[in-house]
Structures are given as structure tokens and as C-alpha cells.
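Results of the structural survey
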Amino acid sequence: MKIVSLIVSGIITIILVLLFNTKMVLPVPLGKLLSPQKGLWQNAEPVNENYSARLSFPQLQGKVKVYFDERLVPHVFADNNNDAYFVQGYLHAKFRLWQMEFQTRAAAGRLSEIIGPKALDYDRDKRRLGMVYAAENSLKDIENDPETLAECDNYTAGVNAYIEGLTESTLPVEYKLLGYQPEKWTNLKTALFLKYMALELAGYEDDFEKTNAKSVFSSADFDKIYPVVMDSLDPIVPKGTVFPPPAVKLKVPDSADSLYYDHKDSTTIDEQKPDPDNGSNNWAVNGTKTKSGYPILCNDPHLGLNLPSIWYEMQISTPTYNVYGATFPGAPAVIIGFNDSCAFGFTNAQRDVRDYYEIKFKDKSRSEYWFDSSWVPSTFRIEDIKIKGQPDYLDTVVYTNIGPVMYDKKYNGGRNTNQKDYAVRWKAHDASNELKMFTLLDKANNYNDYLKAIKYLHTPGQNCIFASKNGDIAIWDQGEFPAKWYRQGDFVMPGTDSSYLWQGMIPQNENPHLVNPERGFVSSANQMPADTSYPYYLGGNFIPYRAIEIDKRLATMNDITPEDMMKLQTSNYNIFGKWALPVLIRNMEVDKLSPQEKKYFDILKNWNCRNDNDSKGATLFVVTWDSLETVIWKDEFLKSGLELPWPSESTLLDDINKYPHFKFFDNINTANVETLPDDVTAAFKMAAAVIRQADDNGKMDWAKYKDTRVEHLARLDAFSRLHLPIGGGTNTINAAKEQHGPSWRMVVSLTPETEAYGVYPGGESGNPGSKYYDDFVDEWAAGKYFRLWMMKASEVNDKRVKWTMTFN
Amino acid sequence: MKFIVSTILIILFSFLSCLYFPWWSVGIVAFFISIIIKQGHLASFICGFISLFLLWGFLSFWISLQNGNILAHRVSLLLFKTDSPFLLIFITALIGAMVAGFAALTGSFVRKEKTGTGF
């Protein structure tokens, strides 16, 4: 009897331990996680945490002092550059290790290792796109440049110095929750991080979708639905600019008419893509337009809104340079910021640098492919994808002289079901050393230094903006862009013929640029960099409206102060709404509306074209326009049975204004011939039904309807910030969308004593248990800024210094 | 008196063992203390249970207090879909208490097996 009691009790104890120490029953090992001395309670940082420390590392040549201010922004003062990069790596790891590792694993197609088979398709997509291949090529370039190599080596050593000091209890909370350990950092991981950004910014294309559309629509219709230039375009380089004759003389392939332009082929698609609105705003005005008489530079890159933030703010000061700004955890140097002489920033160039070619293999072995009238041997790269809790998955990727065969019979990425082989030519595969640009910009003293620096930018192409204290302002639409003939790469191309390959790169000095223009300002907001007089085809995914509003406002502004710029950067004015609203009002058949719909129509009519937090008109406008797009396009698009690119807002508005009897107004599923008023009224009725529901739930105010959130990278709602009270959105300068928007707002007035402001939707600490995890989010949502403190070495006793870390 | 001594010893050695060994070492501590200090089955169980309930409850409460409950708010929402730091602290204490309670009970049966006496 006693034996039985002993055994029963012992078994219960063992079961309890197993229950709470494994994931066999519970989704997490609750005992291990909650044990106060090693589990996640250890990540609950005291609100009055003391970050001061004395650290000693043999890798350092000199001494480094880090002064943390009241926002936990580090001001690093190092005896030499290498030590500064070591400490930057150490600080990135201390505050952001999990995110750095997670993003580089994502880039390398290694998420299945930590989250299991559900990430397999994501991983295969990255492997087949050749992300690691691209990073390896970049790493070669980095290793050929002693300065960049030393920078990376020291950064890597700093990250690893922190990792080596980690214990079970100090491990970041996400590792504890997901149950894995950090790996050692390497220079390849830094290169992978940069490719992660390249994919985000220069990975967008819709070649298969456009190829489908070409097979469905006549070429006249196609050009109306997918025009190359928007009617409203206000390019970065003003219209009428005369460009020198092109250095690269392009030859359109002889077979282009039959094999390309008029070739009808189609595929079906359901694929993961970067956000096409990875846009941004930047502008700089010179002293003639400012109150101080010195230039002001502004930048707000729009990216996915995540916690921990993509950005980490810091100052780095060494005997050779002194720079402040936003850094990327995962890479050395300051990316967007300012030094003692100038300021710099970026918006995305939106150019299409990722094209697909159809490959013809000799046989099933895929060891030879047809190219320029002969069989050429291919190479194989075997991708070993480790999967948590399962055997490895081996994926063989064939490489051709064009690039890796991304889609084939074994993998279609949800994209081509016609079983063909498609190789991808992506500019990011080419060796380049973008880090060098950031390093040189951090040290730049003048326009010439900036010009030298940006020559290192190949991919992702960016509109690099610059302003200096000596009065210069400039913008270059910079990158190494393929020189393309008309619509080259908009569609899938034949891969059997070298005449379809990119024939050369546009020489850097032919990239669109604007330096010290008479109008006193330069700007960009992801619009086309130039109009059609530019001698090369500017294929890409451009957005016209924010740029129009920015240029219009800057043209009339004078005596500008930094406060004026903050107001501009957070402006909720919707210029697209201003232009599109009259179309809705004019064409509404009011007598067909119900009393409830009439009430909504009155609100819409009286909308002030501002996407403010509490605007009901903004909600009505956005939902009505979306419905109008559905009413006009969806019948024809559904009938095609294919995945087609959805036409842009600007295209529909341009078409409505140009073609009063546009054939797409007709609903092909009815016997009647519908007109624009029919469509507008039908769209409004659809919209009113949606709005009614939002209204009943108290969510008709624009900010509540839009429901902006800053989402934890692993999509854990509890670690995210949801339901933020922020207006703006698509087509407003304050481009805060649902989970995408201004990821770092910066205003720099280049007065003798620099006056700079900035904010990002996050916090310096990546630890969800820290009060510094999300402490900038509310200020960001409210459109407020922090004064950025370019600390001087003499200010160590300033009361803003809260903690000091000493490295030697 | 035995009860109080046992409780204090379990709390003390559990705290020390968790510095160096996995969290479930609290069970081993409670098991051995229960063998060494003779008590009734129920008393042993309660002793182990209360010791860890107090230790883990206090530790997590204290950490969370210093933290302004920032992490406990988020983690309780994540794990239990309820925003309740108190619940997270309670469950922390309960897990430690259950393991230590049953381990102590097992220990008390071992002792009775060995000595063959009981009360």
C-alpha cells in the first residue's frame, strides 16, 4: 500500500516536471519559462535599471566611453574608429540581439530551424532567390576593401563579445519563448542583413502578373491600365530638364515584337512580396528659404512598422569623425543622420531591378540549357534547410548564367503552375559594398565627399539627399541601374537569347540628379525620377502624390523653421483626395441613395481632404474609392481567371479624367451598359454598407478605422503596440498606414550649432520587459519629436547623461 | 517546529539550487528535506507546497514590482490572453508549489518505507 502511494506520488511529481519543462502538453515549457531565477522574469528590467558598467575586452586598442542620455540613446566616444565599431556591435547586441539574428536568419532562409515546417516555403523562396549567394558576393567585395573589412571585423567582434557574456537568465526573452540559442555573429550575417534590406527595397516586381495582363488585354487597353507615366507626375528632376545623350546604346531585340511585346503567355500566382509602398519622403531646402539662412534636411523612410524597431539611434564620435543618427542593428555605421558638416538621408528609388527569364533545359537532369544556339552547362547549389522537429529538407537550385532558377516544377512559390523554368536576374546578386557608402557619408565634409560616397551604392537604389552647412543641397537618384529598353523586364523574357539580357548599366553620372537648383529645394517621395525625356526606360513602381504635395508646399514656403518642417512631415493633407473627391461628388446619383446613405454622402461632400484622426470624411473617401476600383476593375479581372496587377489609384483617376466613355466602366456581367455615375453610385452603396458597420462599432473615425499598429517581429500581439491614434495614410505625407509608415522622422537644421529633431515608433531597448522598449511610440503617433543631442566631449557632466559605460 | 524548519530549509536550498541547476531542482530539494525531516504525509506536502509558493511568489512579485509590471502585463496577455500581472505571479508560485509539494510528499513516503513506522 505504501509502495503504491510512493509510486503514485513519485509519478505525479515526474509528470508535473515533464509537463512544465517540455512542450509535450503545453505550448511552452511553463515551469522553465516562469522560474523566477532563470526564466523570463529575469527579463523584467527594473524601471530604475542602472546601465552604467565598466567592461574590459582584449580586442580593444584604446578606450571607449559610452554616455547614455535620458532616452537611453548612447553617445559613443572612442579613441579610434575600430574600437567605435566594436562598441557599436556590442551595443546593438546588448539591446537588439534577437532581432538582428532573426532578420539575418530570415534573409538566409533559415526560419524553419526555429519555427518549424510552416516557414519552409518562406525559406525556400529566399534560398531560390539566391539571398545567401547575393550576400556571399557582397562579402567578397567587403573583404577586398581593407577599411570596410576592418569595420566589419570589429563590429562582429563586438557583437560576439556580448553573446559570449550571455547566461541562461540574461538571454533575450524571445529566445526563451521560442526555445533556441543565438549563434555567433559573422561578417556574412552583416552582408545578409544588407540583402534583407535590399529585398525589402529592391525586391519588388510584378513580371508574372504583368505577363498575365498582357495575355488578357489588348495593348491599347494595357497601356491605359498600366501606363508608364502618370499624368500628374512631378518628377524629382523637374520636367524639361535636358539629359545628355546616353552612353549605353540599347538595341531592342529583333524578335521583341513576336517573342516579347505581343507574346501571350500566362501563369497563376499567389506569392509573398515586399510591400510595394516601401516608400519614403525626403527633402532639403537651402538657406534662401529658411529663417536661419542655413539649409534644413528632412527624411522619413517608410518601412514596415515593427518592434523592436528596424532603427537604433546613436552618436559615434572618434578623432576622425562625429556622427549622429539612425543605425541598423545588424550593420556598422550610421545610416541616416548628420555629422558636424552635413546631413544625409534616403528614399527608395522604386526601380525594377529583378527580372525573370524562361529557361529551356535539354532534359530532366537540367544540367544543360539552351542559350545563344548552343547547350550551356548549368551548376547546382544544394540548399540544406534544417527544420525544427523534422529531417532536413534538401532543395537543389540550378544556376544559369542569368541567375538562379527560382521557379521550376519542384517549386512554384505559389506562382507559376505551368511547370516551366524561370531564372531570376536580380541586381542585388552582383557584388557591391554599400557599407562603404555609409562609412564615407558619416565622415563627409562637403558635396564632393558625398558624391564619392554614393558611388558605392549599387542596390537597393535610393534617392540620396544631401545638405551641408556651407549651403549646398543635392539629390541623386543613385544606384547601379540596368539600362533598359522600353518595357524591358516588365514581363517575363526569353532566356535563350543574350539579346534579352541587360545590355549594360547606366553610368553613375547619367543618373537623374539635382544640385543647388534655383528653386531652393530638392525632394523625392518615390515618384518617377524624371519624365520620358530621360534616355533610358524607367521601369518600376512609382507613386506620384506625396511628391506633388511636398513640392507644392516647399515652393511656397519661406523663412522656414524646423517646426515648419515637422508640421510638413506630419501633414495629413490628402492631395489625391482633393483631386478625386470632385469625381465622386459630380457622378453621385443622389436620388438613388437611402436616407442613411445620404447622411454619409453629406459627410463625404464636406470632407476637408485631411486624413485627421477623427475625420469621418477620410474614412468615407478611402472606402468609397476602394469600392469604386472594385466596381470598375473586378468584373474584367475575375473573368480572366488570372492573377493580374491591381491598377494604381493614380491610373484610375487619370483614366476617368481622360476617357469619359472608358470601356471598363461597363459591368460585363450585366446586360446594361453602365456609366461612371452608375459605378460611383454602386461603389458608394457598397462603401456605405461597410461604413455602417464601422459606425455601429464606433470605428468610423479615420484613425480607428485604419487602426495603425507597430507589430512585434514574431507577430506576437502582446509585444506589439496596437490601435494607435494616428492619422495620415497612403497619399498623405504622414504616410502611416496599417502596419507601414514613417519608420524614422528626422529634421536637421544645419546652423553652425546643428539643431536636429527625430523620432521613431519604438524605443532603444529591444526587451519587451524594459520601459525603453516602446517609449517613443506615443510621441511618434502624436507627431512629436525629440531634440537630438549631438553631445560634445566636454559635456560629460551634463545632466542629460544618466549612465556611463566604460570599455577598455 | 519541524514544519517551520522544513519550510525554511526548502526555501533556502531551493533558492540556492536554482542559481546553478534547472528549475525543477526545487523538487529534488523538497524530496530530500522531506526524507531528512520526518513529518506526516499531509504536513510534508503542505510544507513543500507552501515553501515554493512563498519563494517563487515572492521572487516574481518583487521582480515585477521593480519592473512596474511591464513584462508581466505583456506576458500574461501572451500566455493566458488575460492582462493580469497578478495571475502570472500566482501561476509562477503555483507551478513551483505543485512540484515541490508532490516531491515532498514522495519524500515522506520514502521515509515511511525505510523506517516502517508512521503516525
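Every value quoted in this text rests on a predicted model; they were computed, and no experiment measured them.

Rules and cut-offs
- Residues numbered from 1 in each chain as written.
- Chains lettered and ligands numbered in written order.
- Predicted model: local features only at pLDDT ≥ 70, side-chain atom pairs only at ≥ 80, totals over all residues.
- Helix = DSSP H or I, 4+ residues; strand = E, 2+ residues; numbered from the N terminus.
- Contact = placed C-beta atoms within 7 Å.
- Nonpolar A, V, L, I, M, F, W, Y, C, P; charged D, E, K, R; others polar.
- Buried ≥ 20, exposed ≤ 12 C-beta atoms within 10 Å, placed from the backbone.
- Arc of directions from axis to C-beta.
- Pairing = 2+ DSSP bridges.
- Axes fitted to C-alpha atoms, helices over the stretch in contact; angles between N-to-C directions.
- Parallel < 35°, antiparallel > 145°, perpendicular 65-115°, else oblique.
- Core = buried A, V, L, I, M, F, W, Y, C linked by C-beta atoms within 7 Å.
- pLDDT = per-residue confidence, 0-100.
- Expected span 1.5 Å × (residues − 1).

Check the secondary structure of chain B and you find five helices and zero strands. Walking chain B from its N terminus toward its C terminus, one meets helices and strands in the order α-α-α-α-α. Along the three orthogonal principal directions, the C-alpha set of chain B runs to about 50 × 25 × 25 Å. For chain B, contacts bridging at least 24 residues in sequence account for 72% of all contacts bridging at least 6.

When its secondary structure is counted, chain A shows 23 helices and 29 strands. With the principal axes as the frame, chain A shows a C-alpha extent of 85 × 75 × 65 Å. Nonlocal contacts in chain A, meaning residues at least 24 apart in sequence, comprise 71% of its contacts between residues at least 6 apart.

Moving on: the interface of chain A and chain B. When the parts come together, some accessible area is lost, and that loss is often what is quoted as the size of the interface. Contact residues are listed per partner, giving 34 residues for chain A and 34 residues for chain B. Within the residue set of the side of chain A that touches chain B, elements represented by two or more residues are α1 (2–21) and α2 (30–34) of chain A. With twelve residues, α1(A) is the largest single contributor of residues to the side of chain A that touches chain B. Within the side of chain A that touches chain B, the residues separate by chemical class into 19 nonpolar, ten polar and five charged.

Residues and elements named next belong to chain A. Cis geometry marks the peptide bond from leucine 307 to proline 308; its omega dihedral reads -10°. Its location among the elements puts proline 308 in the loop between β6 (306–307) and β7 (312–317). Residue proline 460 is reached from threonine 459 by a cis peptide bond, and omega for that bond is 0°. In this structure, asparagine 516 takes a positive phi of about 40° despite not being glycine.

Residues and elements named next belong to chain A. Within helix α14 (residues 447–454), burial applies to Tyr450, Leu451, Ala453 and Ile454. Axial view of α14: buried residues confined to an arc of 160°, hence all on one face. Contacts from the buried residues of α14 go to β10 (342–348), α13 (434–443), β18 (462–468) and β19 (473–478).

Let's shift gears to the environment of Pro761(A). All names here are of chain A. Inspection of the secondary structure assignment puts proline 761 in the loop between β27 (755–759) and α23 (777–781). Distance from proline 761 to threonine 22, taken between C-alpha atoms, is 36 Å for residues 739 residues apart in sequence. Residues within four places of proline 761 in sequence aside, it is in contact with Leu305, Ser309, Val710, Ser743, Phe776, Val777 and Trp780.

This part takes up the sheet that holds strand β11 (residues 354–359) of chain A. Residue and element names in this part refer to chain A. In space, the four strands of this open sheet follow the order β16-β17-β11-β20, with mixed pairing throughout. The strands lining the two open edges of the sheet, one partner per strand, are β16 (405–407) and β20 (493–494). Bridge count for β11 against β20 is two bridges, and the pairing is parallel. Bridge pairing in β20 links glutamate 358 to proline 494.

Residues and elements named next belong to chain A. Between helix α18 (residues 595–605) and helix α21 (residues 676–696), the shortest axis-to-axis distance is 10 Å and the interhelical angle comes to 90°. Considered as vectors, α18 and α21 are oriented roughly perpendicular to each other. Along its contact with α18, which presents Gln596, Glu597, Tyr600 and Phe601, the element α21 presents Phe684, Lys685, Ala688, Ile691 and Arg692. Of the residues that constitute the contact of α18 with α21, the class distribution is five nonpolar, one polar and three charged.

Our next topic: the nonpolar core. All names here are of chain A. Of all hydrophobic cores here, the largest spans 207 residues; its most connected members are Val87, Ala284, Ile296, Tyr422, Tyr450 and Phe466. Of all the elements, helix α3 (residues 81–107) adds the most residues to this core, at 14 residues. Those residues within four positions of alanine 284 in sequence are excluded, and the remaining contacts are Pro295, Ile296, Leu297, Ile465, Phe466, Ala467, Ile473, Phe521 and Val522.

Attention now goes to the sheet that holds strand β21 (residues 513–515) of chain A. Paired through backbone hydrogen bonds, the strands of a sheet run either parallel or antiparallel to each other. Residues and elements named next belong to chain A. Overall, mixed pairing links the eleven strands, which are arranged β1-β29-β2-β3-β7-β8-β9-β10-β18-β19-β21 in an open sheet. Among the strands making up the open sheet, the edge pair consists of β1 (53–55) and β21. Pairs of neighbouring strands in the sheet enclose a mean axial angle of 15°, with direction left out of account. Examined bridge by bridge, strand β3 (residues 74–78) and β7 share three bridges and lie parallel to one another. The partner of phenylalanine 77 across the bridge, within β7, is serine 317. Across the sheet, α3 lies against β2 (64–68), β3, β7, β8 (322–327) and β29 (803–807), angled at about 155° from β3, the strand it touches most.

The side chains of a regular strand alternate between both faces of the sheet. Residue and element names in this part refer to chain A. By the alternation rule, side chains of strand β22 (residues 521–524) split into Phe521 and Ser523 and Val522 and Ser524, which are all buried. In the sheet, strand β4 (residues 280–285) pairs with β22 via four bridges, with the strands oriented antiparallel. Across the sheet, residue tryptophan 283 finds its bridge partner in β22, namely serine 523.

Right, let's talk about the environment of Ile691(A) for a bit. With respect to the helices and strands, the residue Ile691(A) is situated in helix α21. With 75 residues separating them in the primary sequence, Ile691(A) and Lys616(A) have C-alpha atoms 9.5 Å apart.

Turning our attention to the confidence of the model for chain B. Residues and elements named next belong to chain B. This prediction gives chain B a mean pLDDT of 92; 93% of its residues lie at or above 70. Between the elements of chain B, mean pLDDT differs from a low of 90, seen in helix α5 (residues 85–115), to a high of 97, seen in helix α3 (residues 41–66). Interface confidence for the predicted complex, expressed as ipTM, amounts to 0.94; the pTM equals 0.95.

For the rest of this paragraph, the subject is helix α1 (residues 2–20) of chain B. Note on helix geometry: an α-helix contains 3.6 residues per turn, so any two residues three or four positions apart are oriented the same way. Residues and elements named next belong to chain B. The end-to-end C-alpha distance of α1, which contains 19 residues, comes to 27 Å, matching closely the 27 Å that a straight helix rising 1.5 Å per residue would cover. Looking only at α1, the buried set comprises Ser6, Thr7, Ile10, Ile11, Ser14 and Cys18. Around the axis of α1, the buried residues are gathered within 130° of arc, so they sit on the same side. Relative to its buried face, α1 has exposed residues pointing more than 90 degrees away, namely Ile4, Ile8, Leu19 and Tyr20.

We now examine the environment of Val76(A). Residues and elements named next belong to chain A. Tracing the backbone through its elements, the reader meets valine 76 in strand β3. Between the C-alpha atom of valine 76 and that of alanine 793, which follows or precedes it by 717 residues, the distance is 9.8 Å. Apart from the residues lying within four places of it in its own chain, the contact partners of valine 76 are Val64, Val66, Ala84, Val87, Gln88, Met314, Gln315, Ile316 and Ser317.

Residues and elements named next belong to chain A. The buried fraction of strand β5 (residues 296–304) is high, at eight of nine residues. In the sheet, β4 pairs with β5 via six bridges, with the strands oriented antiparallel. Of the residues in β5, the one forming a bridge with serine 280 is proline 301. Sheet analysis places β5 next to strand β26 (residues 745–749), joined by four bridges and oriented antiparallel. Counterpart to cysteine 298 in the pairing with β26 is valine 747. Pairing geometry for β5 and strand β25 (residues 740–742), over three bridges, is antiparallel.

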